[in-house]
Amino acid sequence: MAIHPVPQARQADPPPAADGPWRDPSLSPEARVADLASRMTLEEKTAQLYGIWVGADAEGDGVAPHQNDMVDPVDFEEITTRGLGQLTRPFGTAPVDPGVGAVSLATAQARIAGSSRFGIPALAHEECLAGFTAWGATAYPVPLAWGAAWDPELVAEMAHRIGSDMRSVGVHQGLAPVLDVVRDLRWGRVEETIGEDPYLVATIGTAYVRGLESSGIVATLKHFAGYSASAGARNLAPVRAGAREMADVILPPFEMAVREGGARSVMHSYAEIDGVPTAADPALLTGLLRDTWGFAGTVVADYFGIGFLETLHRVAEGRGDAARLALTAGVDVELPTVRSYGDALVAAVRDGLVAEELVDRALRRVLLQKCQLGLLDPDRPLLPTVLSGVDPEQARGTVDLDPPRNRALARLLAERSCVLLANPEGALPLAGTGRIAVVGPRADDPLAMLGCYSFPSHVGVQHPGSPMGIDVPTVLESLREEFPGAGVDHAQGCDVDGTDAFGIEEAAALAEGADVCVAVLGDRAGLFGRGTSGEGCDATDLALPGLQGELLDALLATGTPVVLVLLTGRTYALGGRADRLAGCVQAFFPGEEGGPALAGVLSGRVNPSGRLPLGVPKDPGGQPWTYLQPPLGRVNGVSNLDPTPLYPFGHGLSYTSFAWEAGPEVPAELPTDGETDLAVTVRNTGDRDGAEVVQLYVHDPVAQTTRPEARLIGYARVPLAAGESRKVSFRFHPDLVSFTGTGGRRIVEPGDLELRFATSSDAADVKHTVRLRLTGPERTVDHRRHLVCATSVDALIAQQ
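Within any chain, residue numbers begin from 1 and follow the written order of that chain's sequence. In view of the model being predicted, local features appear only for residues whose pLDDT reaches at least 70, and side-chain atom pairs are presented and counted only at 80 or more, with totals across whole chains, interfaces and linings using the full set of residues. Water and hydrogen atoms play no part in the side-chain values, which are based on all heavy atoms of the structure.

Engineer: How do you make sense of the overall build of the protein chain when you look at a structure like this?
Structural biologist: Scanning the protein chain from terminus to terminus reveals 21 helices and 27 strands. Computed over the C-alpha atoms, the radius of gyration of the protein chain is 27 Å, within 12% of the 28 Å expected from 2.2 N^0.38 for a compact globule of 800 residues. Its C-alpha atoms give the protein chain principal-axis dimensions of roughly 80 × 70 × 50 Å. Think of it in three bands: residues with accessible area under 20% of the maximum for their type are buried, residues over 50% are exposed, and the middle band is partly exposed, with areas taken using a 1.4 Å probe on protein chains only. Classification of the 800 residues of the protein chain by burial places 63% in the buried group. Sequence separation of at least 24 residues holds for 79% of the intrachain contacts in the protein chain that already meet a minimum separation of 6. Residue exposure ignores everything except the shown protein chains as possible cover, and the areas themselves are Shrake-Rupley values with a 1.4 Å probe. Roughly 27900 Å² of accessible area belongs to the protein chain as shown, and the carbon and sulfur atoms make up 49% of that amount. The charge count includes Lys and Arg as positive and Asp and Glu as negative, but it does not include His or the ends of the chains. Lysine's charge is taken at NZ, arginine's at CZ, aspartate's at CG and glutamate's at CD. Across the protein chain, 66 positive and 102 negative side-chain charges occur, with their mean positions spaced 4 Å apart. The helix and strand labels rest on DSSP assignments: H or I over at least four residues marks a helix, E over at least two residues marks a strand, and numbering proceeds from the N terminus. When we talk radius of gyration, it's over C-alpha atoms, and the globule rule is simply 2.2 Å times the number of residues to the 0.38. Pairs of residues are marked as contacts when any of their non-hydrogen atoms sit within 4.5 Å.

As structure tokens, this is what we get:
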């Protein structure tokens, strides 16, 4: 690649005075930042554009891709004399008591401020995908479980709690949520996603953003964009998605989180889309994100992503060239540690290879964010409020990041995310008497509850001598507590993966002598091949890992009723076995309270209300499929392969029953820029309290481009007491059915539509259909369109 010099390269100037109006909080942030930037040397400017990762291990197993190749030694005392942009994961790198960690972070911030001319602290960031990734912090259900709960308000409350805990110990930024839409179930990071539908991902993800931002934490959207559409479902593989797939499936969740959620940071993805790495794509990071959507925050690099322009993508000729590409595209901050934005960038600017205006542009965004966070104020506190007045020597044990109210919230979300897939003969709820055989490699392992970004799985496993830091009851422990009158026995049967059938015969014998067998199977979360689910743990097919399928076959052969409990980070093929199960419950790494939540579902103490955020396949043979299929993507007569899922997106059963009644008549015609209200009334016809999830899909019979058979455009979780009815209303605007037309523009096209009220995406589960015709001209719409289908749930007086 040719490097194009920039004329009139500047030489180093004497350092300007450090003091000035930028210290005055009464001035506008823009005025303060402009004054501060004018006083900085080039070295001081670039220092604000990178982080450092103190304690990152360049040896052995890492928690970021190519960590052992990309971490350079850093002299903390020397590098902080210029100032520092970010501190990477002060709590999430090794087990540290939260109180001690907060004091340590405050001490580091004092050293940073005291070492440089301007006295500006670093912005500290942490992972927070399934809770604050810190030792002793609450481990909540993973994002796939948020999707299964279909409950944005509860997710927003969880995010606010996570953010408050982070803020209380001195953290400023959280690297969440993941807004990637699942395109292939074999991808290892499915557990980190919210599901396979862009509207569900967008609304749940935006709720998380609102909750995190409401606590004062900067939410970081990731991974922008296309990461989940990698070829062959391989981590960091090239993306070959077309423009319409990007516009209509991949991008809408990010668009909503920026426009409706107020996210203040975006992380570029590792993807290369049609040969262009996102870290070097100005059309994406500047043209779309900033110029079109109006994003005004910071774009941060996914870990080592700028270096990968040189080492993996091979579009840069060195560190300075990688900095040029990333800055030009719009990447403001290099994470996790300095590589390209330090001395290499300074030299590139001085040599005329990078325009200093690009440095100034990124600097302005970084300093504005620091100003908003109070980091430029002269009277900012060093220690977080939670430690005010605490002797640093006595800090250990003073900060509780897993208080009872957090655990109660984690329990509630876990309960609402459990999906009852099947209960053909009413075996569930269990009677809780007699002998119960609890079998499987996930039955008595606390890590079975946790995803790969929960601290014990992400960091704790690399420190085997350290305690877990939180209490995580297993399914076995929880069932023994739930059923004190039953005999609950356990056999592991086999490992999660591997080929040793050491315990299958023993497990089958245990099941044969029991009244019911609860088979607890699933994944082990890990990183880069150290698990069956998680970052870099991609699957060759969708068969249950290891010998777990053979174990399940042996249990089914005993004739004892088998209830399957799945603790996974993706869905696995169940065809050929599902019709022999007495019941099946799916949980997606439900967090520290997942064991009691599952025990409650099995006992009936909890009436399951979760719905699938992605389908369950019939066959394991690598038919990557999501429900957003046009006619040629569905079963048809021109192929012998049937990709139809065993259980569709949106599916989930209950221990009660519901009846649906159509709402008021809707006009047969609606202008392409009109609005109308749609409604159904849902009644709980059973004898248990429960919750139904009303799902609204659009079916477009004829359009100028091929369209999915059905696409979610609205939903509402509706709690109903036994015998109670509620009217559920949806405010429909035609913007919700817009799509990318043949001209490459997003349009609302006149013509016939079917709006389907359903219990899943499957046409067989449609309860009520509204047919209307959009009239008037074809409309071109943009990011200012209606993105959300407003819903309301009204209580009605009704008798069973």
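Engineer: Mind showing me how you'd approach the nonpolar core here?
Structural biologist: Buried together is how nonpolar side chains tend to be arranged in soluble globular proteins. Joining through side-chain atoms within 4.5 Å is the link that ties buried Ala, Val, Leu, Ile, Met, Phe, Trp, Tyr and Cys residues into a set, and such a set is a nonpolar core. Formed by 214 residues in total, the largest nonpolar core has its most connected members in Leu-87, Phe-132, Tyr-208, Phe-224 and Tyr-341. Ignoring sequence-local partners within four residues, the contact set of Phe-224 consists of Leu-251, Phe-254, Val-266, Met-267, His-268, Ser-269, Thr-278, Leu-284, Leu-285, Leu-288, Leu-289 and Trp-293. Among the nonpolar cores identified, the runner-up in size contains 34 residues, and Leu-430, Ala-486, Val-563 and Ala-599 belong to it.

Engineer: Just to check I follow, could you spell out the pattern of salt bridges for this structure?
Structural biologist: Two side chains with opposite charge may pair up if their charged atoms get near one another. In what follows, salt bridge is the name for a side-chain nitrogen of Lys or Arg lying within 4 Å of a carboxyl oxygen of Asp or Glu. With the rule as written, the count across this model stands at 47 salt bridges. Here Glu-310 makes a salt bridge to Arg-339, at a shortest N to O gap of 3.6 Å. Within this pair, whereas Glu-310 is found in helix 12 (residues 305–311), its partner Arg-339 is found in the loop between helix 13 (319–329) and helix 14 (343–350), the two being separated by 29 residues in sequence. In this structure Arg-339 comes out as buried when scored by relative accessible area, which is 13%. Two residues, Asp-642 and Lys-618, come together in a salt bridge whose shortest N-O distance is 3.2 Å.

Engineer: I tried to follow the sheet that holds strand 24 (residues 751–758) on my own but got confused; where do I start?
Structural biologist: Consider a sheet: its strands pair through backbone hydrogen bonds, and that pairing is either parallel or antiparallel. The mixed open sheet is built from five strands, whose spatial order is 17-25-24-19-20. Each edge of the open sheet is held by one strand with a lone partner, namely strand 17 (669–671) and strand 20 (711–720). Averaged over all adjacent pairs, the angle separating strand axes in this sheet is 25 degrees, with direction ignored. A pair of strands is treated as paired once DSSP finds two or more bridges between them. One ladder, built from three bridges, connects strand 17 with strand 25 (residues 766–775); its direction is parallel. When the sheet's bridge partners are listed, Pro-671 is paired in strand 25 with Thr-775. Axis lines are fitted to C-alpha atoms, over the contacting stretch for helices. Their N-to-C directions set the angle, which ranges from 0 to 180 degrees.

Engineer: How should I be thinking about the layout of surface pockets in this particular structure?
Structural biologist: Empty space among the atoms becomes visible once a probe the size of a water molecule is rolled across them. Of the volumes computed, that of the largest pocket is approximately 710 Å³. Two kinds of site are reported from a 1 Å grid over the protein atoms alone, namely cavities, where a 1.4 Å probe fits but cannot get out, and pockets, open sets with protein on both sides within 12 Å along at least five of seven lines, and residues are called lining when an atom falls within 4 Å of a point. Along its surface, the largest pocket is lined by 32 residues, and Asp-248, Val-249, Leu-628, Arg-707 and Pro-708 are the ones closest to its centre. Counting residues per element, the ones that place at least two in the lining of the largest pocket are helix 8 (198–214), helix 9 (243–250), helix 10 (252–259) and strand 20. Of the residues forming the lining of the largest pocket, the biggest block, four residues, is contributed by helix 9. By the convention adopted, Pro, Cys, Tyr, Trp, Phe, Met, Ile, Leu, Val and Ala count as nonpolar, Lys, Arg, Asp and Glu as charged, and the other residues, Gly among them, as polar. Of the residues assigned to the lining of the largest pocket, the class counts are 16 nonpolar, six polar and 10 charged. Grid points are joined across faces, edges and corners, and a volume is the space filled by probe spheres set on the points.

Engineer: Explain the side chain of Ser-729 to me, please; I cannot follow it from the model alone.
Structural biologist: Mapped onto the secondary structure, Ser-729 falls in strand 21 (residues 725–732). With near-sequence residues (within four places) excluded, Ser-729 lies in contact with Leu-678, Ala-679, Ala-790, Thr-791, Ser-792 and Asp-794.

Engineer: How should I be thinking about the state of the cysteines in this particular structure?
Structural biologist: Chemically, a disulfide is nothing more than a covalent bond linking the sulfur atoms of two cysteines. Pairs of cysteine sulfur atoms within 2.5 Å are what we label disulfides. Applying the stated criterion across every chain yields a total of zero disulfides. Not engaged in a disulfide, the cysteine Cys-452 finds its nearest cysteine sulfur in Cys-537; these two sulfurs lie 7.3 Å apart. Of the residues examined, Cys-452 reaches a relative accessible area of 1% and is grouped as buried.

Engineer: Sorry, what's going on with the sheet that holds strand 14 (residues 562–568) here?
Structural biologist: Spatially, 10-15-14-13-11-12 is the arrangement adopted by the six strands of the open sheet, whose pairing is mixed. Each having just a single partner strand, strand 10 (419–422) and strand 12 (487–491) make up the two edges of the open sheet. Going across the sheet, the axis of each strand differs from the next one's by a mean of 20 degrees, ignoring polarity. The pairing of strand 11 (residues 435–439) with strand 12 spans five bridges and is parallel. Looking across to strand 12, one finds that Ile-436 is bridged to Val-488. The sheet strands contacting helix 19 (residues 504–512) are strand 11, strand 12 and strand 13 (516–522), and the helix crosses strand 12 at an angle near 165 degrees.

Engineer: Which parts of the structure should I look at to understand the pairing of strand 15 (residues 583–588)?
Structural biologist: A regular strand carries its side chains on alternate faces of the sheet. The element strand 15 is extensively covered by neighbouring structure, given that six of its six residues are classed as buried. Burial of the side chains of strand 15 extends over both faces: Gly-583, Val-585 and Ala-587 are buried on one face and Cys-584, Gln-586 and Phe-588 on the other. Where strand 10 meets strand 15, three bridges bridge the pair, whose relative direction is antiparallel. The residue of strand 15 that forms the bridge with Leu-420 is Val-585.

Engineer: What exactly am I supposed to notice about the packing of aromatic side chains here?
Structural biologist: For Phe, Tyr and Trp, where Trp contributes only its six-membered ring, two rings pair if their centres lie within 6.5 Å, and the inter-plane angle classes them as stacked under 30 degrees, edge-to-face over 60, or tilted in between. Under the criterion given, the structure shown has 16 aromatic pairs. Ring geometry for Trp-22 and Phe-118: centres 5.9 Å apart, planes at 70 degrees, overall edge-to-face. Remark: Phe-118 occurs in the loop between helix 5 (98–115) and strand 3 (123–127) and Trp-22 occurs in the segment before helix 1 (29–38); sequence separation between them is 96 residues. Of the residues examined, Trp-22 reaches a relative accessible area of 1% and is grouped as buried. What makes Phe-118 buried here is its relative accessible area of 4%. Both rings, one in Trp-146 and one in Tyr-208, keep their centres 4.8 Å apart while their planes meet at 10 degrees; by these two values the pair is stacked.

Engineer: Can you walk me through unusual backbone geometry in this structure?
Structural biologist: Most peptide bonds take the trans form, and the phi angle of most residues other than glycine is negative. A cis amide bond links Ala-176 with the next residue in sequence, Pro-177, at an omega value of 10 degrees. Relative to the helices and strands, Pro-177 resides in the loop between strand 4 (173–175) and helix 8. In this structure, His-223 follows Lys-222 across a cis peptide bond, with omega equal to 5 degrees. Among the secondary structure elements, His-223 is positioned in strand 5 (residues 218–224). Phi angles above zero are rare outside glycine, and Trp-150 is one such case at about 50 degrees. Considering the arrangement of structural elements, one finds Trp-150 in the loop between helix 6 (143–149) and helix 7 (152–168).

Engineer: Help me understand the side chain of Ser-761, please; the structure alone is not making it clear to me.
Structural biologist: Residue position: Ser-761 is located in the loop between strand 24 and strand 25. Those residues in contact with Ser-761 that lie beyond four places of it in its chain are Tyr-627, Pro-648, Phe-649, Gln-695, Tyr-697 and Ala-710.

Engineer: Is there a simple way to explain helix 7 in this structure?
Structural biologist: With 17 residues, helix 7 extends 24 Å from end C-alpha to end C-alpha; this agrees with the ideal 24 Å at 1.5 Å per step. When we look at burial in helix 7, the residues that qualify are Pro-152, Leu-154, Val-155, Met-158, Ala-159, Arg-161, Ile-162, Gly-163, Asp-165 and Met-166. The inward-facing, buried residues of helix 7 contact strand 3, helix 6, strand 4, helix 8, helix 16 (404–417) and strand 20. Looking at the residues trailing helix 7, positive phi occurs at Gly-170, about 100 degrees. What a helix is expected to span follows from its residue count: subtract one and scale by 1.5 Å.

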